[in-house]
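# Summary of the model geometry
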Amino acid sequence: MQIFQVIEEAITKPPIPHEPYKQSLKNWAMYCLRDRGFKVVYAQNADFAIEPKGENKLYFKVTNNSDDVDNSCSWIVWDSAAKRANLIPKQD
C-alpha cells in the first residue's frame, strides 16, 4: 500500500531526530507524521491513529522492543542500536 511508503519515509527521514532523553517515541512519531500532513488522532486500543482522506483509520503502536510486536495494528519500532525507526505494517 502506497500510504505505508509515505509513513515509512516520515519516520526514516524525519524532520527532527528522535532523542529518547528529550521526547517519547510516541510523541516523536506523531510529530513526524503530522509534519507530513497526516491527521493524527486519539485511538482507544492503540497509541494513536491516522485518518487518511477517504480511507479507514490506520492504527499504530510504538515500542522500543521488537518482541512486543503483534498483528493487532501497525507498529513503529525504535532500534536503539541502529538509532532508527522501523515501520511494521499490519498484515491483513
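Formed by 22 residues in total, the largest nonpolar core has its most connected members in Ile7, Leu33, Phe48, Ile50, Phe60 and Ile76. Only α1 (2-12), α2 (25-35), β2 (48-50), β3 (58-63), β4 (74-79) and β5 (84-88) provide two or more residues apiece to this core. Considering each element in turn, this core owes the most residues, six residues, to α2. In this view, leucine 33 contacts Ile7, Ala10, Phe38, Val40, Phe48 and Ile50; residues no more than four positions away in its chain are not counted.

Here we come to the packing of aromatic side chains. Overall, the coordinates contain two aromatic pairs when judged by the stated rule. Here the aromatic rings of phenylalanine 48 and phenylalanine 60 are separated by 5.6 Å at their centres, their planes lie at 15°, and the arrangement is stacked. Residue phenylalanine 48 is located in strand β2, and its partner phenylalanine 60 is located in strand β3; the two are separated by 12 residues in the primary sequence. As far as the burial class goes, phenylalanine 48 and phenylalanine 60 line up, both buried.

What follows covers the confidence of the model for the protein. With 99% of its residues at a pLDDT of 70 or more, the protein shows a mean pLDDT of 94. α1 is the least confidently modelled element of the protein, averaging 94 in pLDDT, while β2 averages 98, the highest of any element.

Before going further, it helps to examine the side chain of histidine 18. Inspection of the secondary structure assignment puts histidine 18 in the loop between α1 and α2. Apart from the residues lying within four places of it in its own chain, the contact partners of histidine 18 are Gln23, Ser24, Leu25, Trp28 and Trp78.

The next thing to look at is α1. For α1, the complete set of buried residues consists of Ile3, Phe4, Ile7, Ala10 and Ile11. Buried residues of α1 fall within an arc of 115° about the axis and therefore sit on the same side. Residues of α1 that are exposed and angled more than 90 degrees away from the buried face: Gln2 and Gln5. On its buried face, α1 sits against α2, β2, β3, β4 and β5.

Another point: the sheet that holds strand β1 (residues 40-41). Here we have five strands laid out as an open sheet, ordered β1-β2-β3-β4-β5, and mixed in their pairing. With partners counted over all chains shown, the strands left at the sheet margins are β1 and β5, one partner each. Sheet contacts for α1: β2, β3, β4 and β5; angle to β5, the most-contacted strand, approximately 165°. Contacts from α2 reach β1, β2, β3, β4 and β5, with the element oriented near 10° to β2.

Conventions used here
- Residues numbered from 1 in each chain as written.
- Predicted model: local features only at pLDDT ≥ 70, side-chain atom pairs only at ≥ 80, totals over all residues.
- Heavy atoms only, no water.
- Core = buried A, V, L, I, M, F, W, Y, C linked by side-chain atoms within 4.5 Å.
- Buried < 20%, exposed > 50% of the residue type's maximum accessible area, 1.4 Å probe, protein only.
- Helix = DSSP H or I, 4+ residues; strand = E, 2+ residues; numbered from the N terminus.
- Contact = heavy atoms within 4.5 Å.
- Phe/Tyr/Trp six-rings, centres within 6.5 Å; stacked < 30°, edge-to-face > 60°.
- pLDDT = per-residue confidence, 0-100.
- Arc of directions from axis to C-beta.
- Pairing = 2+ DSSP bridges.
- Axes fitted to C-alpha atoms, helices over the stretch in contact; angles between N-to-C directions.

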